Amino acid sequence: MSEDSPPPDSPQPPTIAVDAMGGDHAPAAIVAGAIAAAADHGMSIVLTGRPSQLCPLLGKHQEGGDIMVAPADELVGMDEGALASWRRPRSSLAVACQLIRRGQAAAVVSAGSTAGIVATARLRLRSLPGLLRPGLAVALPTGPKPTLLVDAGAIADPKPEMMVQFAQLGVAYAQVAYGIEDPRVGLLTIGAEPVKGNKLARRAHELLAAPPHGLPIRFTGNIEGGDLLAGKVDVVVTDGFTGNVALKTIEGAGDFAAGLIRTAFQGSRAARFGTLFQQRALRDLAGRMDAETYGGAALLGLEGTIVIAHGDSKARGITSACQLAADLARGQITERIQERLRPSHRAGHFLRRL
């Protein structure tokens, strides 16, 4: 038995449904990543997609682990948006979500179109009681532990009450995934003062400072864009539009920095010599900025967890996404979110009338 394998008397690992047809490198890279997750980490995997494409790929690997295939004839293309959830009722993603509804999987992993994944998940899976909208949480590469950004693109125009619930989602995520007992929460806006920002940010600040419903939140106030990677807070709350722009900006800055490093290695002899002394630090930086090590974003607040891997994910990124999905399922993230929202269940009907 390998070091990563659970002991004989440990609980069964959660079953992860993997959308094998979603992503720029599907299905080959998706299948390879799922096989590594099953073989190296003892996971139970169900691949959803076209058996005619998946079975030959599985046959190429000696150790497939605990992997099954759930047939799905359709797929959601990377260029398709939210309407794909209606056009493709038997897509590989829809079938994966259906496995959660049937109790045959605890979480879904997909590297497909984010808009298509969010729309399909919301259509196929029920929201948790009291939750207005699900939120997309992504880990930013801060140290010593990542900072969670919620919402990273699920809801572009939320109500202020939704942003308070995004904070609850992020707090539960930080507790389960990173063991942060009392996460610090900050609101992303254009200034540190409570009066800074648009109408949405100002009202969200008021509600976060004194949440009307749900468990208490350790709200530390506003943060600005320059603070996103400073590690000042554990959870950053914002609307999906701003959050997605911020996330893409960070990714672009990471690519730019990586390009500068490559240029330095190719420069003069003196530059190359100086760079050699920084190799360890540069490797650490590259690892922290590598999206494939974090597994992807988690769509939280539905009856099952959805992990959205980067569309360009290779096998390693899919393995990381499966690990994240399994960790969240093992940590009972859905139940932890329900616990944080339960006091606001009666208020949910009131909030919907606003």
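Here the structure is shown first, and the text comes after it.
Along each chain, numbering runs from 1 in the same order as the chain's sequence is written. Where totals are concerned, whole chains, interfaces and linings use all residues; where local detail is concerned, this predicted model gives features only for residues with pLDDT of at least 70, and gives and counts side-chain atom pairs only at 80 or more. The basis for every side-chain value is the complete set of non-hydrogen atoms in the structure, without hydrogens or water.

Q: Explanation requested: the sheet that holds strand β7 (residues 184-188) in the structure shown.
A: Each strand in a sheet pairs with its neighbour through backbone hydrogen bonds, running either in the same direction (parallel) or in the opposite one (antiparallel). Judged by pairing direction, the sheet is mixed, and its eleven strands sit side by side in the order β3-β2-β1-β4-β11-β10-β5-β6-β9-β7-β8 without closing on themselves. Two strands close off the open sheet at either side, each with one partner strand: β3 (66-71) and β8 (218-223). For this sheet, the mean angle separating the axes of adjacent strands, direction not counted, is 25°. The pairing of strand β10 (residues 297-300) with strand β11 (residues 305-308) spans three bridges and is antiparallel. Pairing of A298 across the sheet is with V307, part of β11. Should any heavy atoms of two residues lie within 4.5 Å, those residues are counted as being in contact. Here an axis means a line fitted to C-alpha atoms, over the contact stretch when the element is a helix, while the angle between two N-to-C directions is reported on a 0 to 180 degree scale. Note on conventions: DSSP H or I runs of at least 4 residues are helices, E runs of at least 2 residues are strands, and numbering of each starts at the N terminus. Packed on one face of the sheet, helix α1 (residues 28-41) meets β1 (15-19), β2 (44-49) and β3 and runs near 165° to β2. Two strands qualify as a pair provided DSSP detects at least 2 bridges between them.

Q: Hey, could you run me through the packing of aromatic side chains in this one?
A: Working definition: an aromatic ring pair is given by the centre-to-centre distance plus the angle between the planes. Only Phe, Tyr and Trp rings are paired, with Trp represented by its six-membered ring, and only when their centres lie within 6.5 Å; those with planes under 30 degrees apart are stacked, over 60 edge-to-face, the remainder tilted. Throughout the structure, instances matching the rule amount to one aromatic pair. Here the aromatic rings of Y173 and Y178 are separated by 6.1 Å at their centres, their planes lie at 20°, and the arrangement is stacked.

Q: Help me out: how do you make sense of the pairing of β11 in this one?
A: A regular strand places its side chains on the two faces of the sheet in alternate fashion. Buried means the residue's accessible area, taken with a 1.4 Å probe over protein chains only, is under 20% of the maximum for its type, while exposed means over 50%, and partly exposed covers the values in between. Of the two faces of β11, both are covered, the one formed by T305 and V307 as well as the one formed by I306 and I308. Here four bridges tie strand β4 (residues 107-110) to β11, and the two strands are oriented parallel to one another. Looking at the pairing, A107 lines up with T305 of β11.

Q: So what exactly am I meant to see when it comes to the environment of Q104 here?
A: Structurally, the position occupied by Q104 is in the loop between α4 (92-101) and β4. When its relative accessible area of 44% is taken as the criterion, Q104 is described as partly exposed. Sequence-wise, Q104 and I16 are 88 residues apart; in three dimensions their C-alpha atoms are separated by 8.9 Å. Non-local contacts of Q104, meaning those with residues more than four positions away in its chain, are made with T15 and L99.

Q: I keep staring at the nonpolar core and nothing clicks. Help me out?
A: Side chains of nonpolar character tend, in soluble globular proteins, to be buried together. Nine residue types can take part in a nonpolar core, namely buried Ala, Val, Leu, Ile, Met, Phe, Trp, Tyr and Cys, and a core is a set of them joined through side-chain atoms within 4.5 Å. Core analysis: the biggest nonpolar cluster contains 100 residues, and I45, L47, Y173 and I306 have the highest contact counts within it. Top element by residues in this core is helix α6 (residues 160-178). It accounts for twelve residues. Once you skip the residues sitting within four places of it in the chain, Y173 turns out to touch A137, L148, Y178, A298, L300, L324, L328 and I333.

Q: Quick question: what am I supposed to make of unusual backbone geometry here?
A: Leaving glycine out, the prevailing phi sign among residues is negative, and the prevailing peptide bond configuration is trans. Here the amide bond leading from A26 into P27 is cis, since omega sits at -5°, within 30 degrees of zero. Within the secondary structure, P27 is located in the loop between β1 and α1. The linkage connecting V150 with the following residue, D151, adopts the cis geometry, with an omega of 15°. Along the chain, D151 falls in the loop between β6 (147-150) and α6. A positive phi angle, near 55°, is found at Q332, a position not held by glycine. Secondary-structure assignment places Q332 in the loop between α11 (315-330) and α12 (333-341).

Q: Help me understand the side chain of T334, please; the structure alone is not making it clear to me.
A: Counting through the fold element by element, T334 comes out in helix α12. With sequence-adjacent residues up to four places away left out, T334 is seen in contact with L128, L302, E303, G304 and T305.

Q: How should I be thinking about the pairing of β6 in this particular structure?
A: Both faces of β6 are covered, namely the face carrying T147 and L149 and the face carrying L148 and V150. Two elements, strand β5 (residues 135-140) and β6, share four bridges in a ladder whose sense is antiparallel. Pairing of A137 across the sheet is with V150, part of β6. Counted between consecutive antiparallel strands, the loop separating β5 from β6 contains six residues.

Q: I would appreciate a short explanation of the packing of α6 against helix α7 (residues 199-209) in the present structure.
A: To describe two helices that pack against each other, one gives the angle between their axes and the distance between the axes. Packing of α6 against α7 brings their axes to within 8 Å, and their N-to-C directions diverge by 50°. When the interaxial angle is binned, α6 and α7 end up oblique. Remark: the crossing between α6 and α7 carries right-handed chirality. Across the interface between the two elements, P160, E161, M163, V164 and A167 of α6 pack against L200, R203, A204, L207 and L208 of α7. Each residue gets one of three labels, nonpolar for Ala, Val, Leu, Ile, Met, Phe, Trp, Tyr, Cys and Pro, charged for Asp, Glu, Lys and Arg, and polar for the others, Gly among them. Across the contact of α6 with α7, the residue classes tally to eight nonpolar, no polar and two charged. Orientation categories follow fixed angle ranges, with anything under 35 degrees roughly parallel, anything over 145 roughly antiparallel, 65 to 115 roughly perpendicular, and all other angles oblique. Helix crossings are classified by the rotation of the near helix relative to the far one: an anticlockwise turn of less than a right angle makes the crossing left-handed, while a clockwise turn makes it right-handed.

Q: Would you mind going over a nonpolar patch on the surface with me for this structure?
A: Residues L83, W86 and L123 make up a contiguous nonpolar surface patch of roughly 360 Å² in combined accessible area. With respect to the secondary-structure elements, W86 resides in helix α3 (residues 84-87). The patch calculation keeps residues exceeding 30% relative accessible area without a salt bridge and links them within 9 Å when they carry like charges or within 5 Å when they are nonpolar (Val, Leu, Ile, Met, Phe, Trp, Tyr). All accessible areas in this document rest on Shrake-Rupley with a 1.4 Å probe, and a residue is counted as covered only by the protein chains that are shown. We define a salt bridge as a side-chain nitrogen of Lys or Arg found within 4 Å of a carboxyl oxygen belonging to Asp or Glu.

Q: Can you walk me through the environment of R218 in this structure?
A: When you line up the elements, R218 lands in strand β8. Residues R218 and L208, ten residues apart in the sequence, show an inter-C-alpha distance of 8.7 Å. With near-sequence residues (within four places) excluded, R218 lies in contact with D182, P183, R184 and V185. Polar contact is the term for a pair of N or O atoms within 3.5 Å; when the atoms are in protein, one must be able to donate a hydrogen and the other to accept it, and sequence-neighboring residues count only if both atoms are side-chain atoms. At 3.1 Å, the side chain of R218 and the backbone oxygen of D182 are in polar contact.

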